[in-house]
Amino acid sequence: MEKHAPELPEYLREMLEKGELADTISLDREGNWTHNGEKIANEKIASFFSRSVARTDDGTYVISYGDHVYPITVEDAPVFVTGVLCRGFGIHETIRLTLSTGEEEDLDIDSLSYGKDNALYCTVRQGTMPAKFRRSPSFELLERLDENCGRYYLTLCGKRIHLQQKGES
């Protein structure tokens with residue numbers, strides 16, 4: 001499911017620029033949603049927000065559904081990898097990701113990196129959106145981790161991949 005890049009209505013853009021938004025919706029580094037600083041306890045609402053995450057052409061993260069668009073604050077990654085399914089072996093292996101958005105897609109192994117907190121990251125939605133692995137799915141991949149001279153490598157899909165720190169080139 002490919003989402004279009006929604007645009008913020010002009011009145012919201014002006015309010016955002018002036019810091020006048022009445023309500024703030026945020027996604028923290030662990031994937032918890034808050035509204036005006038209070039955790040959203042209703043799992044159906046939190047799940048709906050996770051499924052509705054998009055990014056505007058200018059890079060603003062939003063909740064987008066139908067014609068409604070609202071800016072959000074994202075502390076780390078806007079999407080989380082909640083499951084991993086490895087199938088096949090060697091060059092015939094595929095790694096299927098389950099995402100917090102409700103979507104599934106194959107892992108782009110070349111997009112893997114790790115953050116300062118040693119969390120795994122990748123890009124999803126054809127490289128347009130960063131995603132952070134939750135602990136359990138990351139452990140499945142990190143079972144294949146090896147280290148050589150201070151560099152970290154994962155062997156996935158028949159390739160030995162140098163695992164770089166996020167933002168490193």
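Residues numbered from 1 in each chain as written. Predicted model: local features only at pLDDT ≥ 70, side-chain atom pairs only at ≥ 80, totals over all residues. Heavy atoms only, no water.

Novice: Please explain the sheet that holds strand 2 (residues 33–35) as it appears in this structure.
Specialist: Strand-to-strand pairing in sheets goes through backbone hydrogen bonds, with the strands running parallel or antiparallel. Pairing is mixed across the open sheet formed by 4 strands, whose spatial order is 3-2-1-7. Both edges of this open sheet fall to strand 3 (38–39) and strand 7 (73–74), since each of them pairs with a single strand only. Alignment of strand 1 (residues 25–27) against strand 7, held across 2 bridges, turns out to be parallel. Bridge pairing links Ser26 to Thr73 in strand 7. (Pairing = 2+ DSSP bridges. Helix = DSSP H or I, 4+ residues; strand = E, 2+ residues; numbered from the N terminus.)

Novice: What is the right way to read the packing of aromatic side chains from this model?
Specialist: Aromatic ring pairs: the centre-centre distance and the angle between the two ring planes describe each pair. Throughout the structure, instances matching the rule amount to 4 aromatic pairs. Here the aromatic residues Trp33, Phe48, Phe49 and Tyr65 are joined through ring pairs into a cluster of three or more. (Phe/Tyr/Trp six-rings, centres within 6.5 Å; stacked < 30°, edge-to-face > 60°.)

Novice: Explain the environment of Pro9 to me, please; I cannot follow it from the model alone.
Specialist: Along the polypeptide, Pro9 turns up in the segment before helix 1 (10–18). Pro9 gets classed as partly exposed once you look at its relative accessible area, which sits at 28%. In this structure the C-alpha to C-alpha distance between Pro9 and Ala41, which are 32 residues apart in sequence, comes to 28 Å. (Buried < 20%, exposed > 50% of the residue type's maximum accessible area, 1.4 Å probe, protein only.)

Novice: So what exactly am I meant to see when it comes to the state of the cysteines here?
Specialist: Tallied over the full model, the rule gives 0 disulfides. Its sulfur unpaired, Cys86 is 7.7 Å from the next cysteine sulfur, which belongs to Cys157. With a relative accessible area of 29%, Cys86 lands in the partly exposed category. Summary of cysteine pairing: Cys122 is not part of a disulfide, and the nearest cysteine sulfur, belonging to Cys157, is at 12 Å. (Disulfide = S-S within 2.5 Å.)

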